[in-house]
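# Inside the fold
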Amino acid sequence: MLQERIEPAWIDAFEAMLRRCALQPGEVVAILGETQSRPVLVELAHLAAARLGARCFRLTLPSVFSGDAPVQRSTGASPAIQQLQPVITALAGSQLVIDCTAEGLMHAPELPAILKGDGQTQPRVVYVSDEHPEALMRLLPDDATEARVKAHVKRLRGAKRLRVTSAAGTDLTVDLTGAVLGGNWGSTTRPGTLTHWPGGMVLGFPAAGTVNGTLVLAEGDVNLTFKRYIERPITLRIESDTVTRIEGNGVDAELLRGHYAAWGEPRAYAVSHVGYGLNERARWDSMALYDKRDFNGTELRAFAGNFLYSTGANEVAGRHTRGHFDFPLRGCTVSLDDTVVIDAGKVVVE
């Protein structure tokens, strides 16, 4: 296990990321944590922001636990704020929020009010994914990834349909009408926006009733919620956004069926978001090299050429649920209308 202590190289990495977010001397920076945050990330964020002359304060909230629900992982929706108005006000009045909560604010119900600002100031938010600092350092945002993601966001927003196929049997179609589409490259300079580090992907939140087909999780694909490589294939039949059948034998399929059913929420089976990875420095095999507690898995969402399918909450479709799964798939071909952008797991270079 890697040690979690302050290393000069890790402060440098945080400073480089904050420079890409255009942090200026004198700006007010809120560092948001919770009692289950990774302490070294909070410390590194504070040290790096202070190096750049920011005026920093920390908010550490009690982590929230549930005794009557299955284990929740990879939700992207930290429950720590609990609609506390003084917390929302403090974050909304900051110029930069460094989010070090365990799950992040991406799908948290308080995020829109925070991003709206306080009428005078509108913050930009950086979610530092709950990774070991070594991984964050390897996956610093860079010009090439930013340019690649921006180009693919433009292509995604110009398309009407996304189709995914694979030699394993995947054949999935997403009607992009009404979808909310965007991308993430690991930094942001624009007030009222959120980014997450590591970055390097494009994503879409489909409108209701727009996703149909078959998704095959083949050997070597990833169940990120379980932090587990798939060893035996699983076939998901998807009708009108919803996984209607989970087909397959072995422990991978049994774990998946059991965890979905444990929520007792039909919406847990519905699509949250779809997208594909564009980060050339992110690696599919990295999960094999970290202990589970060291690893959150954003790298596997971003590695170049993966197709990412996720189930769970989708605000665009008006669905809210506690269960969430992220499935990065290898070897898929992704087409936007009639143009192939990922060819058998390889990003097509224009």
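Overview of the structure. Everything numeric in this text was worked out from a predicted model, so none of it was measured.

Basis of the calculations
- Residues numbered from 1 in each chain as written.
- Predicted model: local features only at pLDDT ≥ 70, side-chain atom pairs only at ≥ 80, totals over all residues.
- Heavy atoms only, no water.
- Pairing = 2+ DSSP bridges.
- Helix = DSSP H or I, 4+ residues; strand = E, 2+ residues; numbered from the N terminus.
- Axes fitted to C-alpha atoms, helices over the stretch in contact; angles between N-to-C directions.
- Contact = heavy atoms within 4.5 Å.
- Core = buried A, V, L, I, M, F, W, Y, C linked by side-chain atoms within 4.5 Å.
- Buried < 20%, exposed > 50% of the residue type's maximum accessible area, 1.4 Å probe, protein only.
- Expected span 1.5 Å × (residues − 1).
- Arc of directions from axis to C-beta.
- Polar contact = N/O pair within 3.5 Å; in protein donor to acceptor, adjacent residues only side chain to side chain.

## Things to note about the sheet that holds strand β2 (residues 55–61)
Read from one edge to the other, the open sheet built from 5 strands follows the order β2-β1-β3-β4-β8, with strand pairing classed as parallel. Each edge of the sheet is formed by a strand with only one pairing partner; in this case those strands are β2 and β8 (194–197). For this sheet, the mean inter-axis angle between neighbouring strands, taken without regard to orientation, is 20°. Examined bridge by bridge, strand β1 (residues 28–34) and strand β3 (residues 96–99) share 4 bridges and lie parallel to one another. Considered in β3, the bridge of isoleucine 31 is made with isoleucine 98. Each of β1, β2, β3 and β4 (124–128) is contacted by helix α2 (residues 39–51), which is oriented at about 165° to β2, the strand it contacts most.

## A word on the nonpolar core
Counting 41 residues, the largest nonpolar core has Leu236, Phe307 and Tyr309 as the members making the most contacts within it. With 27 residues, the next largest nonpolar core counts Phe14, Val29, Leu41 and Trp197 among its residues.

## Some points on helix α6 (residues 143–157)
Between its terminal C-alpha atoms α6 stretches 21 Å, which fits the 21 Å expected from 15 residues at 1.5 Å a residue. Along α6, the residues classified as buried are Thr145, Glu146, Val149, His152, Val153 and Leu156. All buried residues of α6 fall inside an arc of 140° around its axis, so they share one side. Facing away from the buried side of α6 by over 90 degrees, the exposed positions are Asp143 and Lys154. Its side-chain oxygen 3.0 Å from the backbone nitrogen of alanine 144, aspartate 142 forms the N-cap of α6.

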